[in-house]
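Architecture at a glance
In case you want the letters, here they are:
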Amino acid sequence: MAPEDSHHLLWNCSILRQLWDLLNLSFDFSVVTSDGKSQFVSSFLAFDQSSKKLITISLWALWYKINKLVNEGLNFRVHDLKGFVQSYALKVSSSTINVSSMKDPMNDLWQPPTARSIKLNFDASFSSTSDISILAVLARDAEGQIMGACTYPLMDVPDAFVAEARACERALYYAMDMGFRNLIVEGDSLTTIKKLNSHKDDKSILRPITQNIRVLERSFEKVVYRFVPREVNRAAHALAMDDRHRNTACFWVEDAPDPIAKLLSSKLPFCGSASEGSRLEGICLVIFLGFLKVRFKESDASPNDMMVVDPIPEPSLSWKDMLVGKETLDLTNKNDGQHFVDSFALTEQDVKKYFIDGVSSIDFLERFYQLLEKEMSTYVVLKMLGRNLGITTLQNRLYGIWRPSKPFQVMDIENDYFLTKF
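Residues numbered from 1 in each chain as written. Predicted model: local features only at pLDDT ≥ 70, side-chain atom pairs only at ≥ 80, totals over all residues. Heavy atoms only, no water.

The protein carries the name RNase H type-1 domain-containing protein in an unreviewed UniProt entry, which gives Gossypium anomalum as its organism.

As structure tokens, then:
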């Protein structure tokens, strides 16, 4: 069997020769040559414009049908293909629409995902002369910030379709490792995206891959697959091409290789660069069981009321109402059938005052600490170290790290501190 290279496609393919014969395109096949491309070019230039159009459409149509045959097992007849080529050529000749004027410029821009979602762009570099294909995945959040990236070498890949499908599969594996829950998976492989969005039984060589992707989907709350043009997917494509010199898997967390970071900062208005000076050093989690402001009254106060605790101001809205935008307010909390307000007074029996090495010290009874722990047991205060993150980015990251069974709220309390309520 002859190798299916460009020489075979343009000159030596028996099906192509049969199609050209049905279209009354007179090629001289009497000359036997191993350089099919050069022979095709010289013959193509000798035809008139109408015949050149038929030749071009026939190559495109036959390539499409062969891909359908290989990937989906759909057979075709040459006579049917001849009719399609002729009708399509007639349609193109009669069309007066300027396609370039209809192009939406927004289609060439990367669009950020919705809040609490992570967008994964995947691509693969494939070369028929090499047995190694590089799979690339780039993750970004709703603010365009880089959440991570990975490249993965794969051996013995038969064609570009398999490489692209494997890259999509690798994107889900990477999302599982990072703890992402809501995914938008984008790629410029129309075949892969169509198969994943189709409910029909896949009969192509991609079936084992697509079936495994379906199994991986169960690990996430939601997965959406979208096709995008190469221009939109250029960052993932550049990542796959840039990493071809490496033979090992590489992973980045909240970062990407310098060339990719520079590409994102210079080309994509939604994304910022992940330079060395602005990398996230880490997230420091500090759990506070309680905090109160304590003051002494003036000296003429009664001995039984020498120390009091400033009552905590009654909130204008509850945590839930504040975050969902409701205007209702419940100023009391129910606990074991009893109501209590968020303020209390200390008695003299609740406070112990003494001196240690001449320094005044204050201690409280257990009842006081129990009340504090009861109120603050489900709060966590977070302090950001290093690069500042938006509240949406932070919440997405925390969901990936903590993987909570129920949603939680995050509030920005300024100065790089955040308060979470479970």
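There's more to say after this.
**Quick look at the packing of aromatic side chains**
Here a ring pair, both rings aromatic, is described through the centre-centre distance and the interplanar angle of the planes. For the record, the criterion: Ring geometry is summarised as follows: Phe, Tyr and Trp rings, the Trp one being its six-membered ring, pair when their centres sit within 6.5 Å, and such pairs are stacked at plane angles under 30 degrees, edge-to-face over 60 and tilted between the two. Numbering of helices and strands runs from the N terminus, with a helix taken as a DSSP run of H or I at least four residues long and a strand as a DSSP run of E at least two residues long. When a residue's accessible area, from a 1.4 Å probe over protein chains only, is under 20% of the maximum for its type it is buried; when over 50% it is exposed; and in between it is partly exposed.
Scanning all chains against the criterion turns up nine aromatic pairs. Ring plane angle 75° and centroid distance 5.8 Å describe the contact between tryptophan 11 and phenylalanine 27, whose orientation is recorded as edge-to-face. Here the residue tryptophan 11 occupies a position in helix H1 (residues 6-12), and phenylalanine 27 occupies one in the loop between helix H2 (14-22) and helix H3 (36-45), the gap between them amounting to 16 residues. A single burial state applies to tryptophan 11 and to phenylalanine 27, both of which are buried.

**Looking at the packing of helix H7 (residues 190-197) against helix H8 (residues 207-217)**
Which entries qualify depends on this criterion: Every axis corresponds to a line fitted to the C-alpha atoms, with the helix fit spanning only the stretch in contact, and the corresponding angles, defined between N-to-C directions, vary from 0 to 180 degrees. If an angle is under 35 degrees, it is roughly parallel; if it is over 145, roughly antiparallel; if it lies from 65 to 115, roughly perpendicular; otherwise it is oblique. In this scheme, a crossing is called left-handed if the near helix is turned counterclockwise away from the far one by less than a right angle; it is called right-handed if the turn is clockwise. By the convention used here, residues are in contact when the closest approach between their heavy atoms is within 4.5 Å. Think of it as three bins: nonpolar holds Ala, Val, Leu, Ile, Met, Phe, Trp, Tyr, Cys and Pro, charged holds Asp, Glu, Lys and Arg, and polar takes everything else, Gly as well.
Between H7 and H8, the least distance of the axes is 11 Å, while the angle of their chain directions is 55°. Classified by the angle between their axes, H7 and H8 sit oblique to one another. Considering only the axes of H7 and H8, their crossing is right-handed. For the pair H7 and H8, contact is made by Lys195, Leu196 and Asn197 and by Thr210, Ile213 and Arg214, respectively. Classifying every residue of the contact of H7 with H8 by side-chain character gives two nonpolar, two polar and two charged.

**Concerning the layout of surface pockets**
For clarity, the cut-off: Points on a 1 Å grid over protein atoms alone make up a cavity when a 1.4 Å probe fits among them but cannot get out, and a pocket when they form an open set with protein on both sides within 12 Å along at least five of seven lines; lining residues each have an atom within 4 Å of a point. Grid points are joined across faces, edges and corners, and a volume is the space filled by probe spheres set on the points.
In this structure, the second largest pocket encloses a volume near 1,300 Å³. Forming the boundary of the second largest pocket are 37 residues, of which Asn67, Lys68, Val70, Asn71 and Phe161 lie nearest the centre. Breaking the lining of the second largest pocket down by element, the ones donating at least two residues are H1, helix H4 (49-72), helix H6 (160-178) and H7. Of all the elements, H4 adds the most residues to the lining of the second largest pocket, at nine residues.

**With respect to a nonpolar patch on the surface**
Definition in use: Patches here: salt-bridge-free residues with over 30% relative accessible area, like charges joined within 9 Å, nonpolar side chains (Val, Leu, Ile, Met, Phe, Trp, Tyr) joined within 5 Å. Each accessible area is a Shrake-Rupley estimate made with a 1.4 Å probe; only the visible protein chains count as cover when residues are assessed. Here, a salt bridge means any Lys or Arg side-chain nitrogen found within 4 Å of an Asp or Glu carboxyl oxygen.
Together, Trp60, Phe84, Tyr88 and Val92 give the surface a local cluster of nonpolar side chains, amounting to about 360 Å² of exposed area. Counting residues per element, the nonpolar patch draws most heavily on helix H5 (residues 78-94), at three residues. Along the polypeptide, tryptophan 60 turns up in helix H4. We classify tryptophan 60 as partly exposed; its relative accessible area is 44%.

**Some words on the side chain of aspartate 141**
Inclusion rule: Throughout this description, a polar contact denotes any pair of N or O atoms lying within 3.5 Å of each other; where both atoms belong to protein, one of them has to be capable of donating a hydrogen while the other can accept it, and for residues adjacent in sequence the pair is counted only when both atoms sit in side chains.
Residue placement: aspartate 141 occurs in the loop between strand E2 (132-140) and strand E3 (146-155). From its side chain, aspartate 141 meets the backbone nitrogen of glutamine 145 in a polar contact 2.8 Å long. In this structure, aspartate 141 is in contact with Trp110, Pro112, Pro113, Ser117, Ile118, Met147, Thr393 and Asn396, ignoring residues within four places of it in sequence.

**Side note on the sheet that holds strand E1 (residues 118-125)**
Paired through backbone hydrogen bonds, the strands of a sheet run either parallel or antiparallel to each other. What counts is decided by this rule: Any two strands with at least two DSSP bridges between them are considered paired.
Read from one edge of the open sheet, six strands run E5-E4-E1-E2-E3-E6, paired in mixed fashion. One side of each edge strand has no neighbouring strand; the edge strands of this open sheet are strand E5 (222-227) and strand E6 (250-253). Averaged over all pairs of adjacent strands, the angle between strand axes in this sheet comes to 15°, irrespective of strand direction. By the bridge criterion, nine bridges tie E2 to E3 in an arrangement that is antiparallel. What sits directly across from valine 137, in E3, is cysteine 150.

**What to know about the nonpolar core**
Note the following rule: The definition of a nonpolar core used throughout is a set of buried Ala, Val, Leu, Ile, Met, Phe, Trp, Tyr and Cys residues joined through side-chain atoms within 4.5 Å.
One finds Leu120, Phe180, Leu183, Val185 and Tyr225 to be the most contacted residues of the largest nonpolar core, which totals 32 residues. At the level of elements, E1, E2, E3, H6, strand E4 (182-187), H7, H8 and E5 are the ones that each hand at least two residues to this core. In terms of residue count, the dominant contributor to this core is H6 (10 residues). Residues in contact with tyrosine 225, not counting those within four places in the same chain, are Cys168, Leu172, Val185, Ile193, Leu196, Asn197, Ile213, Arg214 and Glu217. Counting residues in hydrophobic clusters, the runner-up holds 22 residues, among them Leu16, Phe27, Phe40 and Ala89.

**Side note on the pairing of strand E16 (residues 417-421)**
Relative to E16, strand E14 (residues 379-385) is paired through five bridges, and the arrangement is antiparallel. Within E16, the position partnered with valine 380 by the bridge is threonine 420. Bridge count between strand E15 (residues 409-412) and E16: four bridges; the pairing is antiparallel. Within the sheet, the bridge partner assigned to aspartate 412 lies in E16 and is phenylalanine 418.

**What to know about unusual backbone geometry**
Comment: phi is negative for the bulk of residues other than glycine, and the bulk of peptide bonds are trans. We note that aspartate 156 has phi near 55°; this positive angle belongs to a residue other than glycine. Secondary-structure assignment places aspartate 156 in the loop between E3 and H6. In this structure, glutamate 254 takes a positive phi of about 55° despite not being glycine. Among the secondary structure elements, glutamate 254 is positioned in the loop between E6 and helix H10 (258-267). Among the residues examined, glutamate 254 registers a relative accessible area of 6% and is labelled buried.

**A few points about empty space enclosed by the protein**
Applying the stated criterion to the full structure yields two cavities of 30 Å³ or more. Estimated volume of the largest cavity: approximately 80 Å³. Arg116, Ile118, Gly179, Phe180, Arg181, Asn182, Asn396, Tyr399 and Gly400 are the residues that line the largest cavity. The element that contributes the greatest number of residues to the lining of the largest cavity is helix H13 (residues 391-402), accounting for three residues.

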